Amino acid sequence: MIGGFADPTEGSILLAGHDVTGLPPNKRDVNTVFQSYALFDHLSVADNIAFGLKRRRVEKQELRRRVAEALELVQLAHLATRKPRTLSGGQRQRVALARALVNRPAVLLLDEPLGALDLKLRRQMQIELKQIQREVGITFVFVTHDQDEALTMSDRLAVMNGGVIEHCGTPEDVYERPATRFVASFIGTSNLMPGVYRNGSVVLESGQAVPVGRRAGLAEGAEVSLSIRPEKIWLSELTPGMARATGVLRDTVYCGATTTYLVELAAGTTLAVLEQNTARSRMEDRWSNGQQVELGWLPEHSLVLG
Amino acid sequence: MSATRRPAATARRRRRGVERKPLFAFACTAVFFFLLYLPIGAVALFSFNGQKSLVVMKGFSLRWYRAFFHDQQLLASLRMSLEVSTLATACALVIGVGLALGLVRSRGRVGSYAAFIMLVPLITPEIVTGVGSLTLFKGIGMTLGFGTVTLAEVTFSISYVTVILRSRVAALNPETEEAALDLGATRWQALRLVTLPALLPAIISAGVLVFAMIFDDFVLAFFTTGVSPEPLAVNIYSQIRLGVQPTINAVGTLMLLGSLALIALAIVVPRLFGRTGGLEILTGD
C-alpha cells in the first residue's frame with residue numbers, strides 16, 4: 001500500500017504531509033526493494049540502476065554521475081557492466097538497493113529484503129543497510145518477519161497483527177514494555193501466565209499471588225497476563241526485594257553463550273529462564289533436572305498485560 | 001601384480017554396473033535418426049543428379065538448381081510463400097503475445113474458458129479448418145489469394161504462439177513489472193522495457209516455429225489460395241501431378257538450408273544480446 005500496488009479499504013496514506021492514497025506507483029515518491037530483488041535481467045547492473053532516472057528524464061551527465069555514486073555506495077563499481085544473473089545473492093541485493101536509492105525517494109520501502117540470504121550474509125547486510133541509511137538519510141520502511149532483525153535494524157518499530165499496529169515505538173520500548181500480549185510473545189520470548197489482578201498482585205491460576213505493585217487503569221478482578229522475560233528471572237543470588245517462586249527444574253538447554261532452564265511451577269505452568277554462561281556462573285555447580293529450585297525477579301520486570 | 005590388478009578389477013565391475021554405456025539405447029537412437037534423415041538426405045543428394053532420374057544417381061551437376069532459378073512460376077510461388085509466412089508470423093506474434101499476457105493475468109472464469117478455446121485449433125484436423133476457411137471467405141465474398149491465405153495462416157498460428165508464450169509469461173516474476181512501475185515507468189513502458197525483453201527468447205522461438213510451419217503448410221494454403229501465384233507447397237503438389245521434376249529436389253534442398261539458417265539465427269541472435277538459448281522450447285529445455 002505504501003508502494004501503491006494495493007489500495008487500502010479505508011484510511012489514507014500521507015507521505016511527507018501529502019495524501020498519496022489514490023496515486024499509482026509510478027507517481028509516488030517511494031521506491032521499493034523487492035523480496036525477490038526483481039532485477040531486470042536483460043539490462044546491465046548500471047542500466048538497472050539508471051532505469052528510474054531515465055524514466056524521469058534526468059540529463060545524461062547527471063545520470064551518469066548519480067549511477068556512479070550509487071554504485072560506489074553499495075560497493076559494486078567494479079561490476080557495473082555485468083548482468084544481474086552473473087551476480088551472487090548479496091550482490092544482487094545491493095543492486096536492488098542502489099536501483100531504488102539512486103532516485104532519492106522520500107521513503108524507501110524494503111519488503112523482507114534479506115529473506116533470501118543465508119544467516120551470515122544477512123547479519124553483514126543488516127549492518128551495511130544501517131550504515132547506508134545513516135549515510136543517505138532517507139526514511140527506510142523495513143518489513144520483516146525476523147524479530148531479531150526488527151530489533152537490530154530499527155529506530156522505530158511497529159508490530160502488526162491482522163492489519164492493526166499493536167505497538168509502535170523504539171526497539172527498547174517495544175521489547176521492555178510491550179503493549180499487548182501478542183507483542184510480548186512475538187518480539188523475543190516471554191513467559192506468559194494468566195491470572196487475575198487483585199490488590200496490587202496478580203493471582204495466578206495456582207493461587208499464588210505475585211506482587212506487581214499498584215497499576216493504574218487496572219480494575220480489581222480484571223483478567224490479565226503476567227509476562228516476564230526469561231533473562232529477567234534469576235536462579236541464584238536472589239535479593240530481598242524480589243518476587244519469588246519455587247519450582248522443579250524440568251529441562252536444561254545449553255546454547256553456547258547462554259543456557260535456558262525450563263522450570264515447572266507448582267501449578268503446571270512452565271517458565272523459561274535464561275542464564276548467561278559467564279565464567280562466574282559456569283563455575284558454580286549447575287542444577288540437575290528434577291531438582292527443586294527457587295526463582296526470583298524484580299517486580300518492575302514483571303509486566304501486566306490486559 | 002595382484003595389487004595393481006585389483007583397482008582395474010573394481011573399475012571393470014563398476015563399469016558393468018551403473019556406469020556402463022547403454023549400447024542398445026544408442027543403437028536404437030542411431031537407427032531412429034538414420035531413418036528420420038534418410039529421405040531428406042536422398043532429396044539433397046538427388047538435387048545434384050546429372051540425370052533426370054529420381055532413382056539412379058549419375059554424375060554431378062547443378063542443372064536442377066539452374067532450372068529452378070529460371071522457373072518463373074516456382075520463383076513467384078517461393079516469393080509468395082515467404083511473404084505470407086513473414087506477414088502471418090508477425091501478425092500471429094503480436095496477437096499471440098497479447099493473448100498469452102492476457103490469459104495468464106486474467107483471473108476468474110473468462111480466462112480459463114478462453115485458455116481452453118485457445119487449444120481447440122491445435123487439435124482440430126487442419127482439413128476442417130481449411131474447408132471452414134474456404135466456406136467463410138467465399139461466403140463473405142472475398143477473392144481467394146494472398147489475403148485469404150495470410151488470414152487463414154494467422155488464425156492457425158495464434159494458438160501455437162500463445163501456448164509457447166503462456167508458460168513463459170507464467171514463469172515471469174510479477175515483481176519485476178512492479179519494480180518498473182515503482183521506478184516511475186508507465187504501464188506501457190513497463191511492458192515495452194521490462195516484460196517484452198524478458199520474453200524475447202520465447203518470442204523468437206515461437207516466431208521461428210510458426211514461420212517454418214506456415215512456410216511449409218499445405219492444407220490451409222491449398223484451400224484458401226487463388227490460382228496464380230500459388231504458395232510453394234501447393235505449387236510443388238500440382239507439379240507432382242504432372243510428373244515429378246527433379247527441380248523439386250533442388251527446391252527442397254534450398255528450403256532445408258533456409259530452415260537451418262533460420263534455426264542458427266534463432267540461436268545466435270539472443271546470444272548477441274547476452275542471453276543464452278532462444279530455442280529452449282524447441283529443444284525441450
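Residues numbered from 1 in each chain as written. Chains lettered and ligands numbered in written order. Predicted model: local features only at pLDDT ≥ 70, side-chain atom pairs only at ≥ 80, totals over all residues. Heavy atoms only, no water.

### Side note on the overall build of chain B
For step 1, the next point in the chain: For chain B, the helix and strand inventory stands at twelve helices and zero strands.
For step 2, the next point in the chain: Residues classed as buried in chain B amount to 36% of the 285 residues present.
For step 3, the next point in the chain: Here the analysis covers contacts within chain B between residues at least 6 apart in sequence; of these, 68% occur between residues at least 24 apart.
For step 4, the next point in the chain: Summed over all atoms, the accessible surface of chain B reaches about 16,700 Å², with 69% contributed by carbon and sulfur. (Helix = DSSP H or I, 4+ residues; strand = E, 2+ residues; numbered from the N terminus. Buried < 20%, exposed > 50% of the residue type's maximum accessible area, 1.4 Å probe, protein only. Contact = heavy atoms within 4.5 Å. Areas by Shrake-Rupley, 256 points an atom, 1.4 Å probe, with all protein chains shown as cover.)

### Re the packing of aromatic side chains
For step 1, the next point in the chain: Summed over the entire model, instances satisfying the criterion amount to 13 aromatic pairs over all chains.
For step 2, the next point in the chain: Here the aromatic cluster, defined as three or more aromatic residues joined through ring pairs, consists of Phe-218, Phe-222, Phe-223 and Tyr-237 of chain B.
For step 3, the next point in the chain: Positioned over the ring face of Phe-51 of chain A is Arg-55 of chain A, at 4.7 Å from the centre of the ring.
For step 4, the next point in the chain: Here the guanidinium or amino end of Arg-229 of chain A rests over the ring plane of Tyr-175 of chain A, the centre of that ring lying 3.9 Å away. (Phe/Tyr/Trp six-rings, centres within 6.5 Å; stacked < 30°, edge-to-face > 60°. Lys NZ or Arg CZ within 6 Å of the ring centre and 35° of its normal.)

### Focus: the domain arrangement of chain A
How big an interface is tends to be expressed through the accessible area that disappears when the partners come together.
For step 1, the next point in the chain: Taken domain by domain, chain A consists of domain 1 (14–155) and domain 2 (189–305).
For step 2, the next point in the chain: Using C-alpha coordinates to define each centre, domain 1 of chain A is positioned 44 Å away from domain 2 of chain A. (Domains from an automatic or database assignment.)

### A few points about the pattern of salt bridges
Residue and element names in this part refer to chain A.
For step 1, the next point in the chain: Applying the stated criterion to the full structure yields 14 salt bridges over all chains.
For step 2, the next point in the chain: Here Arg-65 makes a salt bridge to Glu-62, at a shortest N to O gap of 3.2 Å. With Arg-65 and Glu-62 both in helix 2 (residues 60–73) and three residues apart, this pair spans about one turn of that helix.
For step 3, the next point in the chain: For Arg-65, a relative accessible area of 41% gives the class partly exposed.
For step 4, the next point in the chain: You can call Glu-62 partly exposed: its relative accessible area is 25%.
For step 5, the next point in the chain: By sharing partners, the salt bridges in this structure join Glu-62, Arg-65, Arg-66, Glu-69 and Arg-104 into a single network. (Salt bridge = Lys/Arg side-chain N within 4 Å of Asp/Glu carboxyl O.)

### Some words on the sheet that holds strand 4 (residues 107–111) of chain A
Residues and elements named next belong to chain A.
For step 1, the next point in the chain: Strand order in the open sheet formed by three strands is 3-4-5, and the pairing between neighbours is parallel. The open sheet has two edge strands, strand 3 (30–33) and strand 5 (139–143), and neither has a second partner. On average, adjacent strands in this sheet sit at an angle of 20 degrees to one another, irrespective of strand direction.
For step 2, the next point in the chain: Bridge count between strand 4 and strand 5: five bridges; the pairing is parallel. Residue pairing for strand 5: Leu-108 is matched across the bridge by Phe-140.
For step 3, the next point in the chain: Against the sheet, helix 3 (residues 89–101) touches strand 3, strand 4 and strand 5, its axis set at about 175 degrees to strand 3. (Pairing = 2+ DSSP bridges. Axes fitted to C-alpha atoms, helices over the stretch in contact; angles between N-to-C directions.)

### Re the domain arrangement of chain B
Residues and elements named next belong to chain B.
For step 1, the next point in the chain: When the domains of chain B are assigned, the result is domain 1 (22–61) and domain 2 (66–272).
For step 2, the next point in the chain: Domain 1 puts seven residues into the contact, and the matching count from domain 2 is eight residues.
For step 3, the next point in the chain: Across the domain 1 to domain 2 interface the summed buried area is about 670 Å²; carbon plus sulfur atoms make up 71%.
For step 4, the next point in the chain: Across the domain 1-domain 2 interface, the total number found is zero salt bridges.
For step 5, the next point in the chain: Our count for the domain 1 to domain 2 interface comes out at one residue pair in polar contact (both at pLDDT 80 or more).
For step 6, the next point in the chain: Split by residue class, the side of domain 1 that touches domain 2 holds five nonpolar, one polar and one charged. (Buried area = accessible area lost by both parts, 1.4 Å probe. Polar contact = N/O pair within 3.5 Å; in protein donor to acceptor, adjacent residues only side chain to side chain. Nonpolar A, V, L, I, M, F, W, Y, C, P; charged D, E, K, R; others polar.)

### Observations concerning the sheet that holds strand 11 (residues 223–228) of chain A
The strands making up a sheet associate through hydrogen bonds between their backbones, and the pairing can be parallel or antiparallel.
Residue and element names in this part refer to chain A.
For step 1, the next point in the chain: The strand order across the open sheet formed by five strands is 10-9-8-11-16, and the pairing between neighbours is antiparallel. Pairing within the sheet leaves two strands with one partner each, and these edge strands are strand 10 (209–211) and strand 16 (303–305). Taking the axes of each pair of neighbouring strands and ignoring which way they run, one obtains an average angle of 40 degrees across the sheet.
For step 2, the next point in the chain: Summarising the sheet, strand 11 and strand 16 pair through three bridges and their orientation is antiparallel. Considered in strand 16, the bridge of Ser-227 is made with Leu-303.

### Structural notes on unusual backbone geometry
Residue and element names in this part refer to chain A.
For step 1, the next point in the chain: Non-glycine residue Ala-38 carries a positive phi angle of around 50 degrees.
For step 2, the next point in the chain: Among the structural elements, Ala-38 can be located in the loop between strand 3 and helix 1 (45–55).
For step 3, the next point in the chain: Located in the positive-phi region is Arg-57, a residue other than glycine, with phi close to 50 degrees.
For step 4, the next point in the chain: Among the residues examined, Arg-57 registers a relative accessible area of 72% and is labelled exposed.

### Here we look at a nonpolar patch on the surface
Residues and elements named next belong to chain B.
For step 1, the next point in the chain: Together, Phe-32, Phe-33, Leu-36, Tyr-37, Ile-40, Leu-256, Leu-257, Leu-260, Ile-263, Ile-267 and Val-268 make up an exposed nonpolar region whose accessible area comes to about 970 Å².
For step 2, the next point in the chain: Mapped by element, the contributors of at least two residues to the nonpolar patch are helix 2 (23–46) and helix 12 (247–272).
For step 3, the next point in the chain: Here the element with the most residues in the nonpolar patch is helix 12; it accounts for six residues.
For step 4, the next point in the chain: Here Phe-33 lies in helix 2.
For step 5, the next point in the chain: Take Phe-33: its relative accessible area is 41%, and that puts it in the partly exposed class. (Patch = residues over 30% accessible without salt bridge, like charges linked within 9 Å, V, L, I, M, F, W, Y side chains within 5 Å.)

### Description of the confidence of the model for chain B
For step 1, the next point in the chain: Across chain B, the average pLDDT comes to 83, with 87% of residues at or above 70.
For step 2, the next point in the chain: Per-residue pLDDT stays below 50 along residues 276–285 of chain B; that stretch engages in 20 contacts with residues further than four places along the chain or on separate chains. (pLDDT = per-residue confidence, 0-100.)

### Quick word on the interface of chain A and chain B
For step 1, the next point in the chain: With 22 residues of chain A in contact, the opposing surface of chain B contributes 19 residues.
For step 2, the next point in the chain: With both sides pooled, the region where chain A packs onto chain B buries about 1,700 Å², and carbon together with sulfur makes up 58% of that total.
For step 3, the next point in the chain: Its largest share of buried area at the contact with chain B, chain A owes to Asn-26, His-42 and Arg-55 of chain A, together 32% of the area lost on that side.
For step 4, the next point in the chain: At the surface where chain A touches chain B, the tally comes to zero salt bridges.

### Quick notes on the pairing of strand 6 (residues 157–161) of chain A
Residue and element names in this part refer to chain A.
For step 1, the next point in the chain: Summarising the sheet, strand 6 and strand 7 (residues 164–169) pair through five bridges and their orientation is antiparallel. Among the inter-strand pairings, Met-160 is bridged to a residue of strand 7, identified as Ile-165.
For step 2, the next point in the chain: Counting the residues in the hairpin turn of strand 6 and strand 7 gives two residues, including Gly-162, whose phi is positive at 55 degrees.

### As for helix 8 (residues 174–182) of chain B
For step 1, the next point in the chain: Of all the nine residues making up helix 8 of chain B, seven are buried; the element is thus mostly covered by neighbouring parts of the structure.
For step 2, the next point in the chain: Those residues of helix 8 of chain B that sit buried are Glu-175, Thr-176, Glu-177, Ala-179, Ala-180, Leu-181 and Asp-182 of chain B.
For step 3, the next point in the chain: Packed against the buried residues of helix 8 of chain B are strand 3, helix 1, helix 3 and strand 4 of chain A together with helix 4 (72–105) and helix 9 (187–215) of chain B.
For step 4, the next point in the chain: The N-cap residue of helix 8 of chain B is Asn-173 of chain B: its side-chain oxygen and the backbone nitrogen of Glu-175 of chain B are 2.9 Å apart.

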